[in-house]
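Here's the letter readout for the chains.
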Amino acid sequence: MNEHVKNPNAAPRTLPRESATFDQHTLAEIRRAAATGIYDIRGAGAKRKLPHFDDLLMLGASISRYPLEGYREKCGTDVVLGTRFAKKPIELKIPITIAGMSFGSLSGPAKEALGRGASQMGTSTTTGDGGMTQEERGHSKTLVYQYLPSRYGMNPDDIRKADAIEVVVGQGAKPGGGGMLLGQKISPRVAKMRTLPEGIDQRSACRHPDWTGPDDLEIKIEELREITDWEKPIYVKVGASRPYYDTALAVKAGADVVVVDGMQGGTAATQEVFIEHVGIPTLACIRNAVKALQDLGMHRKVQLIVSGGIRNGADVAKALALGADAVAIGTAALVALGDNDPQWEDEYQKLGTHAGAYDDWHEGLDPAGITTQNAELMKRVDPVKAGRRLANYLSVMTLEAQTIARACGKSHVHNLEPEDLVALTIEAAAMAQVPLAGTNWIPGQTGSF
Amino acid sequence: MNASTQSHAFDLSSSTVRELNSALHALKEGSNASLWRVTNPRGLHAIAAGVDAPVTVEVDGPVGYYCGGMNKHATIHIRGSAGVGVAQNMMSGFVHIEGDASQAAGATAHGGTLLIEGNAAARCGISMKGVDIIVKGSIGHMSAFMAQAGTLTVFGDAGEALGDSIYEARLYVRGSVKSLGSDCVEKEMRDEHKAQLFERFKTAGVDGQIDPGEFKRYGSARNLYHFHVDNAGAY
Ligand SMILES: Cc1cc2nc3c(=O)[nH]c(=O)nc-3n(C[C@H](O)[C@H](O)[C@H](O)COP(=O)(O)O)c2cc1C
């Protein structure tokens, strides 16, 4: 309580005031850096507030458009990926896929749970930096095999076992950055899969070892197609920074599917400075990626998957309305499995954090047993139950997206379109290129307030 | 007809790489189609990529990128030079290049042997994971970058930043090394290393002609295996 209230006769004086620039978080970071001499590494995606799907609203049907009957009229959700060149495109029942998360960053039971949940809902999972595990191949009906700069565990047998190949150029959390997996998580099994000594702090490269630039990528894709006899769809994943050009170049290089991951996208371990300051928000990249596809006459021929901060069916509906063919989820899937669950609050407290804020996924101490290689902790993930939870969650997201699509009068979620959207803020209007609600103003494009 | 003499001819001026590769991929174990002669490769890409059978493929001329990529079991003999990423991610088998190899030869390869009679350009053996690479000529800069396992034997010289950020691969160089990369150091040549080198000489067909003692061995100082503030400048 300040002096003046305690003593009404005291002379008025200035209240202690914290700086908005040097806020408590900033001060703590300066002290931590000064004490340790090393930058902060953590998991998860950008935590600052960014323009996002919540800044968009859907326009329900009215006199000019009529809605579909909620429980009677069909609203399709299926998606086919890889129709451009692959002899065996992937058919998914829902437009929500599970993003690539490495075995190593995640435990075996967590990988198995992802496979089980996704398969129950007729969608795919994706491997990650560190190779393909039996847990995942065995339980994932449709499995996308990542082709990363490190090539850890990369081999032709697994490529042939995969249903699609994803060439990873970058991730939204760190466009231009390589991977890291700290020693605590390099268990004997992880070390063997990656051909590394146990317990070391592993760095993985940020650039592919045998190609650089779009012309080489085209030849690399040709090679991957030759190795797999042109059967499997080939995705190219980029972190969002220049989505128009990256999408155009991926198409030129021969991709069947382009994956664009915004800066909110999760990571297993990256420098905080990278996560928060490199790349652009998911909302800001979708229209530009779609524009590149449209300019090349490839929209809906080369499919677009968008990821980075997708949480619910509304996000899905909005991403599709902006022109994506499907979305991918990482963080949300982990939460559905049990990550950051309040039931482990006591243990989060012991780690100096709390449920909902835990992001030291690189340390391998995850109380929920998901981002760890500790044999005891990982027992906390029951792959069957956790898989069921993921399936439930995917089902809810799908129902929510359908609810919105029907309200907008669409018989398939892919019929959602930018005209179904308005923005709540000027920033979101500019980034999503839809009008500010109640106006015909798209900043930088049309009309005026 | 004797199994080992059954040979197939493939002229890439009249048929495609796709046709060649699908024929090679269709080979089943125990197939007697063991020798494939490929003519007119003209620098085409992905020749004999993804082969998974103990066959011999003889390529008469220069190949483009990724020849023998992800090879398993096959012997691939190139009578010419090879483009970028020859034998990339090879698992087993033998890839032999009579000419020079471009960048990233043997990149990320997990096994098998890659023998290059001429020189190899930059990033030879980048991220190698168990392959044995033998280069009779010299190699370019940043070779064996982040090399994890296997051996790289060079009869000539090595360019700048050899073995940068190397893990457990062993590098043997007979000539000069322009500079060593971060965390790569010269190591003692013990008898086990000389014996290992001698095996490489046999593969290269020069055993008895060269003294392993002329080579120096390089490998990881293992200082970068754990993030430490004092090493920040080296990352
Ligand atoms: C634990 C974890 C591990 C990840 N590992 C990889 C990886 O190995 N390769 C990759 O391309 N992306 C990886 N990612 C990024 C995801 O594929 C995806 O782009 C991101 O999680 C999407 O954003 P979201 O987490 O907000 O859903 C990882 C993400 C997490 C959370």
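Residues numbered from 1 in each chain as written. Chains lettered and ligands numbered in written order. Predicted model: local features only at pLDDT ≥ 70, side-chain atom pairs only at ≥ 80, totals over all residues. Heavy atoms only, no water.

Points about the overall build of chain B
The helix and strand inventory of chain B stands at 2 helices and 11 strands. Shown N-terminal to C-terminal, the secondary structure of chain B runs as helices and strands in the order β-α-β-β-β-β-β-β-β-β-β-α-β. Each of the three principal axes of chain B carries a C-alpha extent, and together these read 60 × 40 × 30 Å. Every one of the 235 residues in chain B was classed for burial, and the buried ones make up 58%. The long-range fraction of contacts in chain B, counting pairs at least 24 apart against all pairs at least 6 apart in sequence, stands at 25%. Distance from the positive charge centre (20 side chains) to the negative charge centre (24 side chains) of chain B: 2 Å. (Helix = DSSP H or I, 4+ residues; strand = E, 2+ residues; numbered from the N terminus. Buried < 20%, exposed > 50% of the residue type's maximum accessible area, 1.4 Å probe, protein only. Contact = heavy atoms within 4.5 Å. Lys, Arg positive; Asp, Glu negative; His and termini not counted. Charge placed at Lys NZ, Arg CZ, Asp CG, Glu CD.)

Regarding the sheet that holds strand β11 (residues 234-239) of chain A
Residues and elements named next belong to chain A. Pairing is parallel in the open sheet, where 8 strands are placed in the order β5-β15-β14-β12-β11-β8-β7-β6. Each edge of the open sheet carries a strand with a single partner, namely β5 (96-98) and β6 (124-126). On average, each strand axis in the sheet is inclined to that of its neighbour by 25°, with strand direction left out of account. With 3 bridges joining them, β6 and strand β7 (residues 142-147) adopt parallel strand pairing. Bridge pairing in β7 places Ser124 opposite Thr142. (Pairing = 2+ DSSP bridges. Axes fitted to C-alpha atoms, helices over the stretch in contact; angles between N-to-C directions.)

Observations regarding the sheet that holds strand β5 (residues 94-97) of chain B
Residue and element names in this part refer to chain B. Strands sit in the order β1-β2-β3-β4-β5-β6-β7-β8-β9-β11-β10 across an open sheet of 11 strands; the sheet is mixed. Because the sheet does not close on itself, it has two edges, and the strands there are β1 (7-11) and β10 (184-187). Mean inter-strand twist for the sheet, computed between neighbouring axes without regard to direction, equals 15°. Summarising the sheet, strand β3 (residues 56-60) and strand β4 (residues 75-78) pair through 4 bridges and their orientation is parallel. Bridge assignment links Val59 to a residue of β4, and that residue is Ile78.

Thoughts on the layout of surface pockets
Of the voids in this model, the second largest pocket is the one considered here, and its volume is about 750 Å³. Here the residues of the lining of the second largest pocket sort into 19 nonpolar, 11 polar and 7 charged. (1 Å grid on protein atoms, 1.4 Å probe; cavity = no way out; pocket = protein on both sides within 12 Å on 5 of 7 lines; lining within 4 Å. Points joined across faces, edges and corners; volume = space filled by probe spheres on them. Nonpolar A, V, L, I, M, F, W, Y, C, P; charged D, E, K, R; others polar.)

Let's talk about the packing of helix α11 (residues 313-321) of chain A against helix α15 (residues 383-407) of chain A
All names here are of chain A. Look at α11 against α15: their axes get within 7 Å of each other, and the N-to-C directions meet at 55°. With respect to α15, the axis of α11 lies oblique. Where α11 crosses over α15, the handedness of that crossing is right-handed. In contact with Gly313, Ala314, Val316 and Ala317 of α11, α15 contributes Met397, Glu400, Ala401 and Ile404. (Parallel < 35°, antiparallel > 145°, perpendicular 65-115°, else oblique. Left-handed = near helix turned anticlockwise from the far one by under 90°.)

Considerations on the confidence of the model for chain B
Per-residue confidence for chain B averages 94 on the pLDDT scale, and 94% of its residues sit at or above 70. Scoring of the predicted complex yields 0.96 for pTM and 0.95 for ipTM. (pLDDT = per-residue confidence, 0-100.)

Some details on the site of the ligand
Residues and elements named next belong to chain A. Taken together, the neighbourhood of the ligand is formed by 26 residues, with Gly100, Asp261, Gly309, Gly330 and Thr331 sitting nearest. At a separation of 2.7 Å, an oxygen atom of the ligand approaches a polar backbone atom of Gly309. Gly330 places a main-chain nitrogen or oxygen 2.8 Å from an oxygen atom of the ligand. In the complex, 97% of the free accessible area of the ligand, which totals 590 Å², lies under the protein chains. (Near = heavy atom within 4 Å. Polar contact = N/O pair within 3.5 Å; in protein donor to acceptor, adjacent residues only side chain to side chain. Areas by Shrake-Rupley, 256 points an atom, 1.4 Å probe, with all protein chains shown as cover.)

Some words on the pairing of strand β9 (residues 170-173) of chain B
Residue and element names in this part refer to chain B. Of the strand pairs in this sheet, strand β8 (residues 149-154) and β9 are connected by 4 bridges, and their pairing is parallel. Bridge assignment links Val154 to a residue of β9, and that residue is Val173. Two strands pair when backbone bridges link them, and β9 and strand β11 (residues 216-220) are joined in this way by 3 bridges, in the antiparallel orientation. Within β11, the position partnered with Leu171 by the bridge is Tyr218.

Topic: the packing of aromatic side chains
Inspection of the entire model under this criterion finds 9 aromatic pairs over all chains. Relative to B:Phe215, the ring of B:Phe155 lies with its centre 5.6 Å away and its plane at 90°, an arrangement referred to as edge-to-face. Of the two residues, B:Phe155 sits in the loop between β8 and β9 while B:Phe215 sits in the loop between α2 (191-204) and β11, which places them 60 residues apart along the sequence. Each member of the pair B:Phe155 and B:Phe215 is classed as buried. The structure contains a cluster of three or more aromatic residues connected by ring pairs, namely B:Phe155, B:Phe201 and B:Phe215. Taking the ring centre of B:Tyr66 as reference, the NZ or CZ of A:Lys220 above it sits at 3.9 Å. (Phe/Tyr/Trp six-rings, centres within 6.5 Å; stacked < 30°, edge-to-face > 60°. Lys NZ or Arg CZ within 6 Å of the ring centre and 35° of its normal.)

A few points about the interface of chain A and chain B
In this assembly, 39 residues from chain A lie in contact with 41 residues from chain B. Roughly 3,300 Å² is buried in total at the junction of chain A and chain B, and carbon and sulfur atoms are behind 58% of that figure. For the pair chain A and chain B, the number of links is 4 salt bridges. The partner of A:Asp229 in a salt bridge is B:Arg18, with the nearest N and O atoms 2.6 Å apart. Taken together, the connections running from chain A to chain B amount to 15 residue pairs in polar contact (both at pLDDT 80 or more). Listed by contribution, the elements that provide at least two residues to the side of chain A that touches chain B are α5 (156-161), β10 (202-203) and α7 (213-227) of chain A. Broken down by class, the residue content of the side of chain A that touches chain B amounts to 16 nonpolar, 9 polar and 14 charged. (Buried area = accessible area lost by both parts, 1.4 Å probe. Salt bridge = Lys/Arg side-chain N within 4 Å of Asp/Glu carboxyl O.)

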